[in-house]
Amino acid sequence: MDGAEVRLFFRSMFIVTATILGLGILALPVKVCYSGLQPFLVTFTLALVCQCALICIVVELLQRTEEAFSLLPQRLAAVADPSELLAFGRSQDSDPTPGRSPGAAAPAGGSPASSGTSPFPPRSKRYGKERVDSEPSAFVSQTWRGRATPLADDLSNAEPTGPSLHTMAQCFLPNRTLRGVFDFCVYMHFLIVMIAYSISAANAVTKLLPVQREAVLALFVVLLSALVVYADFFLHNAIAAFTFFKASLLVTMIAIVFWIASQVRLEHANDWSRLGDAFLIGTVSLGGSVNVLPVIYASFPRTPKSILVFRNGCLAGTVLCWLLNVMWTACLLAIVPQTAPPGEPSLSHAYRQNDISSVPLLEYLAKAYPQFTFVAVLVNVFIIISVTVSFISLGLGLKHYVDGALTSALLLHGEPNNARISSYSLLSTWLGCTTLAGVSPNILVSRGTLTNLAYLLSFGTILIIALFFSRSLYVVLEVFNSALLNIETGLFMAYMAYTTRLRPGAPDEPVAVQLSRSSLTIAVGMTMAYFGGAVFYDVVVTAGHILSSGSLM
């Protein structure tokens, strides 16, 4: 690998690590206090395999999304009659793999990507080779509808955000309902996790400094949100640098705890009947990285080798997180008792109090090893750095998702040159109405205004909920977050991979970096079974808890 590819590898690895390695590692030993280490290792290793398979699936889907979106000018240029475009769009809700509309001729000049009209880099630059397409890709789910005029001339002004999770759903989910559910899961996951990070950062700062929690929380969200929105161009390298520091700090903590564990050598018990506890936490502790893969993918010139380096970097980051999680959990189980009499520190007591694992650890160190009480400072510093870097990583993912949704809306409903967008066009598509005349005023919103409003709504919601949250609301959000993440990343991603290559009649069009058909079949089946089982188990456990206790608390 040359210097650029080495930098891409480590940048991909550290951004994925920053996304995964939030507070989950500190909560993990508490969540497996009853099951023990061996059941946790089995289920957590299975989680690693499925997450790696999911990353391979998403990398392939990103390439296919970019390929599909680059053919959009060719699709739209072939449809001159607005009614034909609307009818064609509606037909795709039931048939995700249409062919070219009748009578449409292939555009001159071969590949549409070479015409300079695509919002993404042309294929000759992405894959390092020329490719001529006489027919549009058959796996495109034609959801780009609602326009009265072709958009081929307007696409040159679209913002080059690269393929996003939103455009991926637009291309490969066959109807509006599925796309809406997918968008809801993605958007809510971003909000819930970033709210949790904001609250955790404020709590950690107030333990180190005599400051007001609300002021710290507001400053944290406003400052980092402004960085994400207005300074995202330099944050990738900053995330990589801070993640390296964060990982080094964690390794230092693990080394100290490992030495103490070698002195204590506490025996721990394994309860295989509580295998479900370890299974459910494993899906969350290693999850969420796929939501930031589009951000990294859009940041480098796409060639077959660079895409492969990107995929390997993401896989390496996931494996690194798995290793650090296992080491921390094993050390904690060798020091802190799983259960203990009332008044004594234990993981089960921390579980009932909803504390992270550092709480019983620090209580134990204060009694048995007071010379290591400085670990409390390391833990709080780690929490602050960890949630800050993770908030920025997920913030970049949220911004990229919002940008992708806005770009799609402007391409479909915007005026020429994407300068303004009609509220009639947006609402009629989202609500399924043919006209809204007389129901609401037709407002023409500028691109900049719409973008700023979307950012304000997203990051403002995080700030408001974090400032005024209640304990019960936080528990509800935490419970539903795992289900949302598993539905989005496991079920929907696997389904989209199935529709692109494995569904009967689907064309097996090659992309630069992809799994073999047999490997993709295994990966899709494994992720569907694993994450589908996690969703089912989560629903059963939550329902049982509600029935037994009468609440989610």
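Below is a short write-up of the structure.

Rules used in this analysis
- Residues numbered from 1 in each chain as written.
- Predicted model: local features only at pLDDT ≥ 70, side-chain atom pairs only at ≥ 80, totals over all residues.
- Heavy atoms only, no water.
- Helix = DSSP H or I, 4+ residues; strand = E, 2+ residues; numbered from the N terminus.
- Buried < 20%, exposed > 50% of the residue type's maximum accessible area, 1.4 Å probe, protein only.
- Areas by Shrake-Rupley, 256 points an atom, 1.4 Å probe, with all protein chains shown as cover.
- Phe/Tyr/Trp six-rings, centres within 6.5 Å; stacked < 30°, edge-to-face > 60°.
- Axes fitted to C-alpha atoms, helices over the stretch in contact; angles between N-to-C directions.
- Parallel < 35°, antiparallel > 145°, perpendicular 65-115°, else oblique.
- Left-handed = near helix turned anticlockwise from the far one by under 90°.
- Contact = heavy atoms within 4.5 Å.
- Nonpolar A, V, L, I, M, F, W, Y, C, P; charged D, E, K, R; others polar.
- Core = buried A, V, L, I, M, F, W, Y, C linked by side-chain atoms within 4.5 Å.
- Salt bridge = Lys/Arg side-chain N within 4 Å of Asp/Glu carboxyl O.

**Some thoughts on the overall build of the protein**
Thought 1: Summing up its helical and strand segments, the protein has 20 helices and 2 strands in all.
Thought 2: Taking all 553 residues of the protein together, the buried fraction comes to 56%.
Thought 3: Surface accessibility of the protein: about 22,000 Å² in total, with carbon and sulfur atoms responsible for 67%.

**Describing the packing of aromatic side chains**
Thought 1: Scanning all chains against the criterion turns up 18 aromatic pairs.
Thought 2: The interplanar angle of 75° and the centroid separation of 6.2 Å between the aromatic rings of Phe 279 and Tyr 537 together place this pair among those described as edge-to-face. Linking Phe 279 in helix 11 (residues 275-285) with Tyr 537 in helix 20 (residues 517-549), this pair joins segments that are 258 residues apart in sequence.
Thought 3: Measuring from centroid to centroid gives 6.3 Å for Tyr 369 and Phe 372, while their planes differ by 55°, and the two rings are tilted.
Thought 4: The class of Tyr 369 is buried, set by a relative accessible area of 16%.
Thought 5: Grouped by ring-pair contacts, the aromatic residues Trp 259, Tyr 364, Tyr 369, Phe 372 and Phe 374 constitute a single cluster.

**Notes on the packing of helix 1 (residues 3-20) against helix 10 (residues 235-264)**
Thought 1: The N-to-C vectors of helix 1 and helix 10 enclose an angle of 65°; their axes lie 8 Å apart at closest approach. On the basis of their axis angle, the class for helix 1 and helix 10 is roughly perpendicular. Crossing angle aside, the handedness with which helix 1 passes helix 10 is left-handed. Taking contact as the criterion, the partners of Arg 11, Phe 14, Ile 15, Thr 17 and Ala 18 in helix 1 are, on helix 10, His 236, Asn 237, Ile 239, Ala 240, Thr 243, Phe 244 and Lys 246.
Thought 2: Looking at side-chain class alone, the contact of helix 1 with helix 10 contains 6 nonpolar, 4 polar and 2 charged residues.

**Describing the nonpolar core**
Thought 1: In this structure, Phe 182, Leu 293, Phe 310, Trp 328, Leu 398, Ile 462 and Met 493 are the most contacted members of the largest nonpolar core, which totals 141 residues.
Thought 2: No other element matches the 17 residues that helix 3 (residues 37-70) contributes to this core.

**Topic: the environment of Glu 67**
Thought 1: Relative to the helices and strands, Glu 67 resides in helix 3.
Thought 2: Exposure remark for Glu 67: the relative accessible area of 3% places this residue in the buried category.
Thought 3: Along the backbone, Glu 67 and Pro 163 are 96 residues apart, and their C-alpha atoms lie at a distance of 9.2 Å.

**A short note on the pattern of salt bridges**
Thought 1: The tally for this structure, following the rule as stated, stands at 7 salt bridges.
Thought 2: The closest approach of N and O atoms between Lys 305 and Glu 5, which form a salt bridge, is 3.5 Å. One end of the pair, Lys 305, is in helix 13 (residues 304-333); the other, Glu 5, is in helix 1, with 300 residues separating them in the sequence.
Thought 3: Given a relative accessible area of 46%, Lys 305 falls into the partly exposed group.
Thought 4: The partner of Glu 214 in a salt bridge is Arg 213, with the nearest N and O atoms 3.8 Å apart.
Thought 5: With a relative accessible area of 37%, Glu 214 lands in the partly exposed category.

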